[in-house]
Amino acid sequence: MTTPYWVAGQPATSADLVEIRTPHDNALAGVTSNATAEDVERAVAAAHAVAEEFAALPAHARAAALDHVSRRLAERADEVAELITSESGKPVKWSRIEVTRAVSTFRWAAEEARRFSGELQRLDTDPAADGRLALVRRAPRGPVLGIAPFNFPLNLVAHKVAPALAVGAPIVVKPAPSTPLVALLLGELLAETDLPAGSWSVLPVPNEVAGALVEDPRLPVVSFTGSGPVGYSILDRVPRKHIVLELGGNAAAVVCPDWTDLDRAAQRIAMFSMYQGGQSCISVQRVYAHEDVYPALAEAVVAHVRKLGTGDPTDPATDVGPLINEAAARRVEAWVDEAVAAGARVLTGGRRAGAVYEPTVLADVPAGCKVVDEEVFGPVVVLDSVPSVEEAFDRVNASRFGLQAGVFTHDVRLAFRAAKRLAVGGVIVGDVPSFRADQMPYGGVKESGTGREGVRSAMDDLTEQRVLVLTGL
Ligand code: NAD
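Thresholds applied
Residues numbered from 1 in each chain as written. Predicted model: local features only at pLDDT ≥ 70, side-chain atom pairs only at ≥ 80, totals over all residues. Heavy atoms only, no water. Buried < 20%, exposed > 50% of the residue type's maximum accessible area, 1.4 Å probe, protein only. Helix = DSSP H or I, 4+ residues; strand = E, 2+ residues; numbered from the N terminus. Pairing = 2+ DSSP bridges. Right-handed = clockwise from strand over helix to strand, strands pointing away. Axes fitted to C-alpha atoms, helices over the stretch in contact; angles between N-to-C directions. Parallel < 35°, antiparallel > 145°, perpendicular 65-115°, else oblique. Left-handed = near helix turned anticlockwise from the far one by under 90°. Contact = heavy atoms within 4.5 Å. Nonpolar A, V, L, I, M, F, W, Y, C, P; charged D, E, K, R; others polar. Near = heavy atom within 4 Å. Polar contact = N/O pair within 3.5 Å; in protein donor to acceptor, adjacent residues only side chain to side chain. Areas by Shrake-Rupley, 256 points an atom, 1.4 Å probe, with all protein chains shown as cover. Arc of directions from axis to C-beta. Core = buried A, V, L, I, M, F, W, Y, C linked by side-chain atoms within 4.5 Å.

Q: Can you walk me through the pairing of strand β14 (residues 286-290) in this structure?
A: In regular strands, side chains alternate between the two faces of the sheet. Of all 5 residues that make up β14, 5 are buried, and the element is covered over most of its length. Side chains Arg-286, Tyr-288 and His-290 of β14 all project onto a buried face; the interleaved residues Val-287 and Ala-289 project onto the opposite face, where all are buried too. By the bridge criterion, 4 bridges tie strand β13 (residues 252-255) to β14 in an arrangement that is parallel. Paired with Ala-252 across the bridge in β14 is Arg-286. This β-α-β element, β13 to helix α9 (residues 262-274) to β14, shows right-handed connectivity. Where β14 meets strand β19 (residues 380-386), 5 bridges bridge the pair, whose relative direction is parallel. Paired with Val-287 across the two strands is Leu-383, which belongs to β19.

Q: Looking at this structure, how should I read the packing of α9 against helix α10 (residues 294-307)?
A: The packing of two helices is summarised by the inter-axis angle and the distance between the axes. Following both chains from N to C, one finds α9 and α10 inclined at 50°, their axes separated by 8 Å at the closest point. Viewed along their axes, α9 and α10 adopt a mutual orientation that is oblique. Crossing of α9 over α10 shows right-handed handedness. For the pair formed by α9 and α10, the contact residues are Leu-262, Asp-263, Ala-265, Ala-266, Gln-267, Ile-269, Ala-270 and Met-274 on the first element and Ala-296, Leu-297, Ala-300, Val-301, His-304 and Val-305 on the second. Partitioned by chemical class, the residues of the contact of α9 with α10 number 11 nonpolar, 2 polar and 1 charged.

Q: Please explain the site of the ligand as it appears in this structure.
A: Close to the ligand lie 27 residues; Ala-148, Asn-207, Ser-227, Leu-247 and Glu-375 are nearest. A distance of 3.3 Å separates an oxygen atom of the ligand from a polar atom in the backbone of Phe-150. Residue Leu-247 places a main-chain N or O atom 2.7 Å away from a nitrogen atom belonging to the ligand. The fraction of the free accessible surface of the ligand (850 Å²) that becomes covered by protein chains is 87%. Of the residues that constitute the shell around the ligand, the class distribution is 16 nonpolar, 7 polar and 4 charged.

Q: Would you explain helix α7 (residues 207-215) in this entry?
A: An α-helix turns once every 3.6 residues. As a result, residues three or four positions apart point the same way. Residues Ala-210, Gly-211, Leu-213 and Val-214 constitute the buried set of α7. When α7 is viewed along its axis, its buried side chains cluster within an angular range of 160° and face the same direction. On its buried face, α7 sits against α1 (37-55), β8 (144-147), β9 (171-174), β11 (221-225) and α8 (228-237).

Q: Looking at this structure, how should I read the side chain of Thr-105?
A: Mapping Thr-105 onto the fold places it in helix α4 (residues 92-115). Sequence-distant contacts of Thr-105, that is, excluding residues within four places in its chain, are made with Asn-155, Ala-158, His-159, Ala-162, Asp-438 and Val-455.

Q: Sorry, what's going on with the nonpolar core here?
A: Across soluble globular proteins, nonpolar side chains show a tendency to be buried alongside one another. Ranked by internal contacts, the top residues of the largest apolar core, which has 74 residues, are Leu-66, Leu-73, Phe-106, Leu-154 and Leu-203. Those residues in contact with Phe-106 that sit more than four places away from it in its chain are Leu-66, Val-69, Ser-70, Leu-73, Ala-158, Val-161, Ala-162 and Leu-186. With 36 residues, the next largest nonpolar core counts Ala-252, Cys-256, Val-380 and Ala-405 among its residues.

No statement about biological role is implied by the geometric values presented.
See below:
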């Protein structure tokens, strides 16, 4: 059966069929179809037409719809997790966690929809404004185009859809071409709600069509999560639109000499450099350990990496499955080979079989190698010894990216120092950079992006302040 796409809340299919195959064994995960030009036009026109009505929809109605989606996702959690695994090759253990997170992303959006409001501002602090009062509301900037990547095909779509619906902004979602099925399943749940027709659409389309959507003036907000080159090309094309860019990184963990539980740090680094094949924007890619703790840490990281479950993503014991496709695994292989040719040592891993790349730990990687400077987006971690914590912070900051950093220390002064010195969107003390709670502000500095997600932050970003001044009070 062909999985329908969603045009202004209604299911549709086209003759342009798309087969989605699991990267693990090439089995058919499902069939959908690319939206026709007419359906794309219908979706955008409907989003534009409904914008005013949707912005005026009472908060309780928006919250009820978001609560419904949250509840239904929880009810169908096993089926949804299996679908994520079959379309993306993500180990089912991580798919289940992703579903749980999406359940709370929608629930949190429902809660925020109920309390999202403006402020009352007194103006009489200035004699020129005596007798005046300002009401500051937050109004949707307008319909949103949400573009999502493949690596969290449900929760990153949820981070586009839930905040938009919470503030009353219509949204047209374009899922990643390799992982549209779970976004289309989310459409089924949205279709069960009373949200107005036109307030949401989910359209699988080729990238050229997505490019045309980016330029459509009826979608004044583009919320993009994906790679830097695509994100910046969008910014270049439509610099006058409101653009949110959630891009990549090469996240680092710093291990300070005071950290007592090296085995715990090693276990977290091993797991979160490799989990779901390292295909997370905050996967641990670089580790800077103080020279006092480096030898023991490196040994323990290698030991923990060797214990990771690899292979069949449907096996609940698997931590590391295939990459999204063989081309991605070949690129990772080429980057590791480049580092080895330059003098790097492989402490474990370093081999590829089809779309699977072995969890790989590298040491002595010379400056200038892609495995350090670029985003690997694969199961590879680079270990490095540093003579001081300050040098570790310098090395973290030497990146052109800045999403999150992890700092293993028990020293609260070092924690504050890290927050002050590290040029990243978030510092995680006592853990890896890969920690994300869906309600906290999340996003990058430098080439990791602009704008913030995390439900409340995204709601702020999708709205603008409008002021009403009352005179003669
Ligand atoms: P990608 O940039 O290749 O694709 C992202 C989306 O953009 C897809 O839906 C794709 O079809 C679409 N796209 C491609 N060309 C387009 C065009 N010309 N116009 C409009 N849309 C277009 O990224 P990916 O490979 O799917 O995802 C991996 C990247 O996403 C990594 O760099 C990763 O770090 C990043 N990412 C960032 C975050 C974050 O929150 N900062 C989260 C997850 C992933």
